[in-house]
Each structure stands twice: as structure tokens, then as C-alpha cells.
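The residues making up each chain are set out below.
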Amino acid sequence: MSELNQLRERIEEINIAILDLLSERGEIAKQIGLEKRKAGTMIYDPMREKEMINKLQDLNKGPYDDNVIKQLFKEIFKASTELQKSENEKHLYVSRKLKSDDTIVTTANGGVIGGDEKIFVFGPCSVESYEQVEQVAENLVEKGQKFIRGGAFKPRTSPYDFQGLGVEGLKILKEINKKYDLAVISEVVDPHHFEMADPYIDIYQIGARNMHNFELLKEAGRSNKPVLLKRGLSATIEELIYAAEYIHASGNSNIIICERGIRTYEKATRNTLDISAVPILKQGTHLPVLVDVTHSTGRKDIMLPVAKAALAVGADGVMAEVHPDPSVALSDAGQQMDLNEFDLFYKEIEQARKLYR
Ligand SMILES: O=C(O)C(=O)C[C@]1(C(=O)O)C=C[C@@H](O)C=C1
């Protein structure tokens, strides 16, 4: 055998030895990934990678220089994190990889979210009085709606802003539910609220500001009612999925995700609606996805085209705020539709809804 062929043979043996070691390394990385998942730690660990690279560079005898070694190992670490992520994703309860069928959330009054028909969730930002909620409820029943939203506990940016009527607000919502058979969606802000609010609420809402409140998510997971989870103000789609996973992992599979806009540098709208999050969430998870056009835009003049866009990209429904007299509303006065504006909005969005059934 020529010298060249002998060397090539040796190199191929080494390739196979490296491949075997890489496979073994990959299997260990997968196990590390599972341990990290149990502990709730992030997959990517730059400090650990730096430590390992420093050690390897110290031991490096050449002929490859330190930078080449660094690049080669960086590629290996990257491949490991990708492996860990896809393994984790396969194991996420909310992942479509684990369950290909859509999750369909139902309420006692026959409301269905995530089924063949797209749905709407309308109602005032805050519950202010029985009369105020009733005016909206009557309007919704005339339109054949199944849901009403209204906040009784309001986590507001300023502590001096209206904080909601609390339990009194929930009682009003229950009266409305009994009289109009509308399923009530209302926010809870404290892990102790679930037990207290149970007799009054049909779907618990976890608001954007609490998307990362893990104790609240876990308690929502222990509750026996559907949970509408809003995307955090600065949360990535991955973080939103993990927040939903917290609820599912604690035992509750009835989860609805709500894209409500994220904080960007753009000032033309209140938040920036991440429209691409909708198909990404629909592909990556089996959960129903709603789009809140009030909080994402903060502008009544563009709510309709944005709502149509949400339905067009695959949202299971649209949320929007409606108030009988927004000018005196105790919260979100500028962005809630009055009943006339709502009629116009509804006529058009109902047409669009039929298109995307
Ligand atoms: O040690 C870890 O925490 C791992 O997840 C393993 C590993 C690796 O491949 O060595 C993978 C990704 C991390 O960014 C750091 C290291």
C-alpha cells in the first residue's frame, strides 16, 4: 500500500473514532437536556461553553491553532443545543409533535374555542357596574355571541390607576352569566384567586404582565377551568410556549394562547402585533390561538383590518374591548369601541369570519 493510502486509511479510522465519540457525546447532551428541563434551566449555557473552550485551548498541542479548536467545538456545542431543543420540544405537552390534533376548549354554555368555527371575545376592559356590563352583554347576545370578557382584578402600570372592583366585579360577571348565558373570561392575578374566583369565572385569564409569574401558572395548571394565557409584553414566542407548558405540566390541558402585541420601538401603535406568532404557535403547538386587537393596536381606526389579518393567518378568534361609553371608562378609555363603533366592526368581522371558517 502506498504511503498516501496508508495515511488515508488511518484518517478514516480516526473519522470513525471521532464519529463514535460524537454520537456518545450527543447522547450525553440529550440526557443533560432532560435534566435541565426538569430543573427548568436554559439549554444554552455560554459560561459552560467558555470554560470548556478555555480548558481545550490550554490542552491544545497543535497543529490546529487555538482559534480553529474554538470554532470546531463551538459547532459541536451548537449541534448539542439544537439536539437538546428538538428533544425538549418533542417532550413538551403543548407541542404539536406530541399531539397532532388541535386542542378544543369548551365552556358549559356550549362555547367552543379552537374548533371549526372562529370565535370572538368582546367585553369591557374593566367591570365598572352591573349596568355597564349588562349593556354590552345584551348587545353580545343579540349578535349570538358565547363569551364576554371583563376585568375585576386589574394589574395596572400605575398604582394610582383604577385597580378593578375585585370580588364585587366577579359577582357582577356571574349575574351576567346567569342571566345571559355568556361564558365569562376574567383575569386572576394571585395564586389564591383561583379558589376564590372559581364560582364566578368560566375561563381564567392570565394577563400579559403575569405571563412569567410561574407560581400563578402552576396554580392555573391545578385549576379545573380553561386558561387564557396572554403573551408577555417582552416575551419571545418560545417563552410564551414554555409559560403554556407550565400550565399543562401542572395538569391543565385546556389552554388558549393570546397574542396581544409586544413592546418594540414602534410608537404608531400601543404595542406591535406579532402577526407571525399566530401561524408559528399554530404549527408548534396544538393550542387555540386568539389575537387581542385592542391591546396590540390601541387604535380603533385600524382594529378591523388587523382583526381580519389575524383571522387570515389562522387565529382561532379575535378579542376586542367594547364599552357602552368609553369616554367615562375607568381604564383604556381611548381604545375601547362604543356600541355604534362595535356594530360596524362586528358586521365586517363577522363576514370575514365566515370566509375563514
Ligand atoms: O453542559 C451543559 O449544560 C450542556 O447542555 C452541554 C453543552 C455541550 O454540548 O457541551 C451543550 C449546550 C450548552 O450551551 C453547554 C454545553
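Residues numbered from 1 in each chain as written. Predicted model: local features only at pLDDT ≥ 70, side-chain atom pairs only at ≥ 80, totals over all residues.

As named in an unreviewed UniProt entry, the protein is 3-deoxy-7-phosphoheptulonate synthase, taken from Macrococcus lamae.

Draft legend 1. Just the overall build of the protein, in detail. Assigned secondary structure in the protein consists of twelve helices and ten strands. Counting only C-alpha atoms and orienting by the principal axes, one finds that the protein spans roughly 95 × 40 × 40 Å. Among the 357 residues that make up the protein, the fraction classed as buried is 39%. Sequence separation of at least 24 residues holds for 66% of the intrachain contacts in the protein that already meet a minimum separation of 6. (Helix = DSSP H or I, 4+ residues; strand = E, 2+ residues; numbered from the N terminus. Buried ≥ 20, exposed ≤ 12 C-beta atoms within 10 Å, placed from the backbone. Contact = placed C-beta atoms within 7 Å.)

Draft legend 2. Local environment of the nonpolar core. Judged by nonpolar contacts, the single largest core of 76 residues is most densely connected at Leu229, Ala244, Ile256, Ile257 and Val318. For this core, the element with the most residues is helix α8 (residues 237-249), which contributes seven residues. Residue contacts for Ile256: discarding those within four places in its chain leaves Val105, Ile113, Pro226, Leu228, Leu229, Leu287, Pro288 and Leu290. (Core = buried A, V, L, I, M, F, W, Y, C linked by C-beta atoms within 7 Å.)

Draft legend 3. Representation of the site of the ligand. Lining the immediate surroundings of the ligand are Ala29, Ile32, Tyr44, Asp45, Arg48, Glu49, Phe77, Ser80 and Thr81. Taken together, the elements giving at least two residues each to the shell around the ligand come down to α1 (3-39), α2 (46-59) and α3 (66-91). In terms of residue count, α3 provides more of the shell around the ligand than any other element does, three residues in total. When the residues that make up the shell around the ligand are grouped by side-chain class, the tally is four nonpolar, two polar and three charged. (Near = placed C-beta within 6 Å. Nonpolar A, V, L, I, M, F, W, Y, C, P; charged D, E, K, R; others polar.)

Draft legend 4. Inspection of the domain arrangement of the protein at higher detail. Along its sequence, the protein is organised into domain 1 (3-91) and domain 2 (105-355). A separation of 45 Å is found between the C-alpha centroids of domain 1 and domain 2. (Domains from an automatic or database assignment.)

Draft legend 5. Expanded view of the pairing of strand β3 (residues 119-123). Counting buried positions over the five residues of β3 gives five, a clear majority of the element. Side chains of β3 alternate between two faces, with Ile119, Val121 and Gly123 and Phe120 and Phe122 buried alike. Across five bridges, β3 lies against strand β10 (residues 317-321) in parallel orientation. Along β10, the bridge assignment pairs Phe120 with Val318. (Pairing = 2+ DSSP bridges.)

Draft legend 6. Focus on the environment of His286. On the secondary structure map, His286 appears in the loop between α9 (277-284) and β9 (289-292). Owing to 21 C-beta atoms within 10 Å, His286 belongs among the buried residues under this scheme. As for His286 and Glu238, which are separated by 48 residues in sequence, their C-alpha atoms are 14 Å apart. When residues no more than four places from it in sequence are discounted, the contact partners of His286 are Val94, Arg96, Lys99, Asp101, Asp102 and Thr103.

Draft legend 7. Here's a closer look at the confidence of the model for the protein. Scored by pLDDT, the protein comes out at a mean of 95, with 100% of its residues at no less than 70. Confidence estimates for the predicted assembly give a pTM of 0.76 and an ipTM of 0.93. (pLDDT = per-residue confidence, 0-100.)

Draft legend 8. Representation of helix α11 (residues 303-312) within the structure. By the burial criterion, the buried members of α11 are Met303, Val306, Ala307, Ala310 and Leu311. Within α11, the buried residues cover an arc of 140° as seen down the axis, which keeps them to one side. Along its buried surface, α11 packs onto α9, β9, α10 (293-297), β10 and α12 (339-355). (Arc of directions from axis to C-beta.)

Draft legend 9. Main features of α1. If you check α1, its first and last C-alpha atoms are 53 Å apart, about what 37 residues at 1.5 Å a residue would give, namely 54 Å. Little of α1 sits inside the fold, with one of its 37 residues counted as buried. (Expected span 1.5 Å × (residues − 1).)

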